[in-house]
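Summary of structural features
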Amino acid sequence: MSKGENKQKPGNQDYSASNITALEGLEAVRKRPGMYIGSTDIKGLHHLVWEVIDNSIDEHLAGHCSRIDTVIHPDNALSVRDDGRGIPTGMHEKLQKSALEVVMTVLHAGGKFDKDTYKVSGGLHGVGVSCVNALSEDLTATVWRDGRIAEQKYQKGKPVADVAFIGETEETGTAIWFKPDQTIFETTEYKWDILAGRLRELSYLNKGLVLTLTDERNIEGGKPRQETFYSEGGLREFVIKLDESKQSLIEKPIHVTGKSDNVEVEVAMQYNTSYQETIYSYVNNINTREGGTHVRGFRMAVNRLFKSYGEENGFFNKLKFKISGEDFREGLTAVVSVKVPEPQFKGQTKGELGNSEVTSIVSQCVGEVLKHYLEEHPRDAKRIIDKVILAATARHAARKAREMVQRKNALSGSGLPGKLSDCSSRDPGISELYLVEGDSAGGTAKQGRDRKFQAILPLRGKILNVEKAMEHKIYENEEIKNIFTALGVNIVENEDGERVLNLEKLRYHKTIIMCDADVDGSHIVTLILTFFFRYMKPLIERGYIYIATPPLYLVKKGKSERYCWNDEERKAAIQELTGKSGSESGVKIQRYKGLGEMNAGQLWDTTMNPENRILRQVSIVDAMEADSVFSMLMGDEVPPRRAFIEANAKYANVDV
Ligand code: 0RA
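Residues numbered from 1 in each chain as written. Predicted model: local features only at pLDDT ≥ 70, side-chain atom pairs only at ≥ 80, totals over all residues. Heavy atoms only, no water.

Quick word on unusual backbone geometry
- The phi angle at D146 is positive, at roughly 55 degrees, despite the residue not being glycine.
- Despite not being glycine, D261 has its phi angle at roughly 50 degrees, a positive value.
- Residue position: D261 is located in the loop between β12 (254–260) and β13 (263–271). (Helix = DSSP H or I, 4+ residues; strand = E, 2+ residues; numbered from the N terminus.)

Structure, rendered in structure tokens:
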């Protein structure tokens, strides 16, 4: 029985109509999966899991669930089991079928019927577990509820049979086991790191909730790999974790909780000795990458409270210039989490909270707590104010340095750096800038390039470590000045005194970092990326930054040549060139250590010719990870950096 037609009451027009709508609903999901889960790539695949887990989290938010177990099965099926109330299994009056079937097969029917819980109704989340069902070749829903265990199986969203009661139980909860449809997804292989990352985040956002991840594909010592995510301290622990490789300025994080007009606010914040502002924000447990009204309210409170505290105590009396909002937030790490009954999401990726009432609610909650904090912790307060004054002074110096550089450029003809070999095209859309390690490799690249659209800027040695340098030093650095002027971008201040990258005159839509394939080379790539991450993030966000990948080997026999990028390719090339004999006689293998070992023609063929080259596009898949990796690699504290390098030894040891 496919849709319970034989249950239809004769003459009930209503029922058959809604039945058809439901059918069309899930068909639409299968036809245009991107509209519902964003994409069908690895991101969309994991979105299915978030969708299921979100339902269990909703149970937790409603106060009924304390544990969620996620299991990756050997065939890349996945299951999520919670100990919530269980999806109701009784008869749905209007539709005349089990509520379980309705939740699983009717688009947008998955939500709770009680109004007190916070639901996620915007963004890409919240499309409902029925979408997961529609996009799975097989799915089994099991419910422990009212003393019985109920089960229903589906294929591509359609029930295979009616709900069956398969046993008795004293437990409550829901388990969803599903196998994503291989004809829809580009890949069906779940990634441990992606799942673990989100579960860890959820554990901080929902203190007291136990989340486990088990990977049955990966057996270690007879047992599948397993990790439990649990946080007693919640956001406070989250902030400590974010700052684990930084030096804290205050004793322990400042913690804010509050509630007003049904909006719940929780914030944890602390100051460290770095120059960055790091704010992670969430609405109903969903990461809002673009911030929004909650972040605005938080910033307003921080600025307001520190400003009046500094003024009332005469700390700013000697300053000859204005302090801007940014100065109050240098070295600030914070997590802002709000629970909003009906969130509205805005922005290109729906990653920005739009509800305007939230600004003043957050601002007030944070303001009250900060006021008391500053009164009760004068020493912490003084340390933060000193840092604010330093930030303002540095910004003042940086502005002068920047203006100097920008004025000088305006005076000197084309304004382009002398070391730049520009391309002839003036169309940024097709133009490429190669940042090349060293003058000699720069020379080879200059000879090898297609000068119509490829420009070369050689960089001397290691560029400044921007993580450690003060901002004005950045603009005095020759290599960095050259990157700014070659790209045609500059940093300007908006009306709030905040620095933004001006891309109006950007001259290339591809910037390609080209370094040696050894440890030094990869260090330089990291340095350059750190710089882009800190000072030109919009270029990364727009997908304009790439890394060139020169080959590691040239395998030669007679006149035949094969370039190889890894050991497997090298073996295959040897096999191919020597034929069946398998003897390596007459084969010459050249190991490229540096770009300098290739001549101009070879460099073009392997690394610069758009037809053959392999470019790695740099993306901030996860700004959180990138940020912590950068500061970990570059920061002063040694242990986490050592641990990271050891864990990634393969990458660091390409030269061994
Ligand atoms: C509808 C109503 C209720 C709970 C749920 C759905 C529910 C859905 C999922 C999905 C995964 N785990 C879940 N747990 C619960 C409310 C039930 C009641 O009022 O008792």
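Some points on the nonpolar core
- Of all hydrophobic cores here, the largest spans 46 residues; its most connected members are M104 and F178.
- With seven residues, the top contributor of residues to this core is helix α3 (residues 42–61).
- Discounting chain neighbours no more than four positions away, the residues touching M104 are L26, I87, V129, S130, N133, L139, A141, Y154 and I176.
- Counting residues in each nonpolar core, the second largest holds 41 residues, with V263, M269, A334 and A381 among its members. (Core = buried A, V, L, I, M, F, W, Y, C linked by side-chain atoms within 4.5 Å. Buried < 20%, exposed > 50% of the residue type's maximum accessible area, 1.4 Å probe, protein only. Contact = heavy atoms within 4.5 Å.)

A look at the sheet that holds strand β20 (residues 454–459)
- Across the sheet, which stays open at both edges, the five strands sit in the order β20-β19-β23-β24-β28 with mixed pairing between neighbours. The open sheet has two edge strands with one neighbour each: β20 and β28 (615–617). For this sheet, the mean angle separating the axes of adjacent strands, direction not counted, is 25 degrees.
- Direction of pairing for strand β23 (residues 510–514) relative to strand β24 (residues 545–548): parallel, over a ladder of three bridges. Across the sheet, the residue bridging to T511 is I545, located in β24.
- Along the sheet, helix α11 (residues 439–448) contacts β19 (432–437), β20 and β23; its crossing angle with β20, the most-contacted strand, is approximately 170 degrees.
- Sitting on the sheet, helix α13 (residues 478–487) touches β19, β20 and β23, and the angle it makes with β20 is about 165 degrees. (Pairing = 2+ DSSP bridges. Axes fitted to C-alpha atoms, helices over the stretch in contact; angles between N-to-C directions.)

Notes on the packing of α11 against helix α17 (residues 600–608)
- Where α11 contacts α17, the two axes come as close as 8 Å, and the packing angle between them is 80 degrees. Considered as vectors, α11 and α17 are oriented roughly perpendicular to each other. Between α11 and α17, the residues in contact are T444, A445, Q447 and G448 and A600, L603, W604 and M608, respectively.
- A per-class count over the contact of α11 with α17 returns five nonpolar, three polar and no charged. (Parallel < 35°, antiparallel > 145°, perpendicular 65-115°, else oblique. Nonpolar A, V, L, I, M, F, W, Y, C, P; charged D, E, K, R; others polar.)

Regarding the pairing of β24
- Residues of β24 alternate between two faces, with I545 and I547 on one and Y546 and A548 on the opposite face, all of them buried.
- Two strands pair when backbone bridges link them, and β24 and β28 are joined in this way by three bridges, in the antiparallel orientation. Following the sheet pairing, A548 is matched in β28 by L615.

Observations regarding the confidence of the model for the protein chain
- Mean pLDDT over the protein chain stands at 85; residues scoring 70 or higher make up 83%.
- Below a pLDDT of 50 lies the segment residues 110–117, which in the model reaches 12 contacts outside its immediate sequence neighbourhood of four places, other chains included. (pLDDT = per-residue confidence, 0-100.)

Comments concerning the environment of D327
- Here D327 shows up in the loop between α8 (293–312) and β16 (332–339).
- What makes D327 buried here is its relative accessible area of 1%.
- Between the C-alpha atoms of D327 and V388, which are 61 residues apart in sequence, the distance is 5.3 Å.
- The contacts of D327, once residues within four sequence positions are left out, are K322, V388, A391, A392 and R395.
- Reaching out from D327, the side chain makes a polar contact with the backbone nitrogen of S324 at a distance of 2.8 Å. (Polar contact = N/O pair within 3.5 Å; in protein donor to acceptor, adjacent residues only side chain to side chain.)

Here's the deal with the packing of helix α6 (residues 192–205) against helix α7 (residues 235–242)
- Interaxial distance between α6 and α7 falls to 7 Å at its minimum, and their mutual angle equals 135 degrees. Our classification of the angle between α6 and α7 gives oblique. For the pair formed by α6 and α7, the contact residues are R200, E201, Y204 and L205 on the first element and L235, E237, F238 and K241 on the second.
- When the residues that make up the contact of α6 with α7 are grouped by side-chain class, the tally is four nonpolar, no polar and four charged.

A short note on the environment of D41
- Mapped onto the elements, D41 comes out in the loop between α2 (33–37) and α3.
- Among residues more than four places away in sequence, those in contact with D41 are F185, E186 and T187.
- A distance of 2.5 Å separates a polar atom in the side chain of D41 from a polar atom in the side chain of S39.

Overview of the packing of aromatic side chains
- Scanning all chains against the criterion turns up nine aromatic pairs.
- Aromatic pair F238 and Y282: ring centres 6.2 Å apart, planes at 45 degrees, arrangement tilted. Of this pair, F238 sits in helix α7 while Y282 sits in strand β14 (residues 278–283), placing them 44 residues apart in sequence.
- We classify F238 as buried; its relative accessible area is 3%.
- On the basis of relative accessibility, which here comes to 0%, the residue Y282 falls in the buried class.
- Joined through ring pairs, the aromatic side chains of Y475, F484, F531, F532 and Y535 make up one cluster. (Phe/Tyr/Trp six-rings, centres within 6.5 Å; stacked < 30°, edge-to-face > 60°.)

Concerning α17
- Residues of α17 that are buried: A600, Q602, L603, T606, T607 and M608. In a view along the axis of α17, the buried residues occupy a sector of 150 degrees, so they form one face of it.
- Backbone nitrogen of G601 and a side-chain oxygen of the N-cap are separated by 3.0 Å at the start of α17; the cap is N599. (Arc of directions from axis to C-beta.)

Side note on the pairing of strand β9 (residues 173–180)
- For β9, a buried count of seven out of eight residues is recorded, marking the element as mostly surrounded by other parts of the structure.
- Two strands pair when backbone bridges link them, and strand β2 (residues 78–82) and β9 are joined in this way by five bridges, in the antiparallel orientation. Of the residues in β9, the one forming a bridge with V80 is I176.
- Sheet analysis places strand β5 (residues 136–145) next to β9, joined by eight bridges and oriented antiparallel. Across the sheet, the residue bridging to W144 is G173, located in β9.

Observations concerning the sheet that holds β16
- The strand order across the open sheet formed by five strands is β12-β13-β16-β14-β15, and the pairing between neighbours is mixed. The strands lining the two open edges of the sheet, one partner per strand, are β12 and β15 (286–287).
- Bridge analysis of β12 against β13 gives seven bridges, and the strand direction is antiparallel. Looking at β13, one finds that S260 is bridged to V263.
- Docked against the sheet, helix α9 (residues 357–376) engages β12, β13 and β16, running at close to 140 degrees with respect to β12.

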